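Listed below are the residues making up each chain.
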Amino acid sequence: MRRVGPFVGILLVGLSASVAQALPVVTTTSGYTTQVGGVTTIDFGPTLPGPACGGYSSCSGDYRIAGDSSGTRARPVGSTGNYLTVPDQRSTGTATFGLGTTANYFGLLWGSLDAYNSITFLLNGTAVASFTGTQIAQMVMPSLIANGNQTSTLSNAYINFFFGGDLFDSVRLTSTSYAFESDNHAFGANVPEPGALALFGIGLAGLALRRRRKTA
């Protein structure tokens, strides 16, 4: 399954965002679940009814934890068990999910990425950052296409948001048509940005080269 790795393709974008602190670093990774260790994961349960709020600390708005596909929703490629769809039975809706803590990383398996899907990160009720499906696709081109295809791996992918020094405590999902489907959410604190990790690796390589020269 094709994916752009966390340090490939978007590294330069990630580094510029890291320096400016204006936007989180957005990446796609292989597979259908997070590859970041030590984070909280939410898969909405293997059977219905799933856990309250899907496993989040709090929830509100128009959503459904679904176990099947219908005319208004479709299981994300790679999803098993239940998944989250916003809205529930309507063509427009919003749902907000509280983490119960602050975090600087969020990941989700985003199904049938579409222009009318959007995700917003909030801290104490104030938006920290917001992205439409089109913007997500543009940030990691050519890996994704926001055309709503329900079966293509070009519009179903695991998306990671690394916020660096910025924090959020809730996530809002919005769709102005049928629908925003997702699964395998993950969030955590003190997660370094890919750009920071890359710089750290470059630094280690420089130290190793310096030591070799001294030894020689």
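The rules we used
- Residues numbered from 1 in each chain as written.
- Predicted model: local features only at pLDDT ≥ 70, side-chain atom pairs only at ≥ 80, totals over all residues.
- Heavy atoms only, no water.
- Salt bridge = Lys/Arg side-chain N within 4 Å of Asp/Glu carboxyl O.
- Helix = DSSP H or I, 4+ residues; strand = E, 2+ residues; numbered from the N terminus.
- Buried < 20%, exposed > 50% of the residue type's maximum accessible area, 1.4 Å probe, protein only.
- Pairing = 2+ DSSP bridges.

With that settled, the discussion passes to the pattern of salt bridges. All chains considered together, the criterion is met by three salt bridges. When the shortest N-O distance is used, the salt bridge between R90 and D62 registers 3.1 Å. Taken together, the residues span a long stretch of sequence, with R90 in the loop between strand 5 (83–86) and strand 6 (93–103) and D62 in the loop between strand 3 (58–61) and strand 4 (64–66) at a distance of 28 residues. Taking the shortest distance from any N to any O, the salt bridge between R64 and D88 comes out at 2.8 Å.

For the bond running from L48 to P49, omega is -5 degrees, close enough to zero to count as cis. Omega for the bond connecting V86 with P87 falls within 30 degrees of zero, at 0 degrees, which places this linkage in the cis form. Among the structural elements, P87 can be located in the loop between strand 5 and strand 6. Positive phi, normally seen in glycine, also occurs at Q89, with a value near 70 degrees. As for its position among the elements, Q89 is in the loop between strand 5 and strand 6. Looking at Q89, the relative accessible area reads 48%, which means it is partly exposed.

Attention now goes to the pairing of strand 11 (residues 168–175). Of all eight residues that make up strand 11, seven are buried, and the element is covered over most of its length. With seven bridges joining them, strand 6 and strand 11 adopt antiparallel strand pairing. From the neighbouring strand, T96 faces strand 11, where its bridge partner is R172. Strand direction decides the pairing type here: strand 8 (residues 117–123) and strand 11, joined by six bridges, are antiparallel. For L122, the partnering residue across the bridge sits in strand 11 and is S170.

Just distances and angles here, no functional claims.
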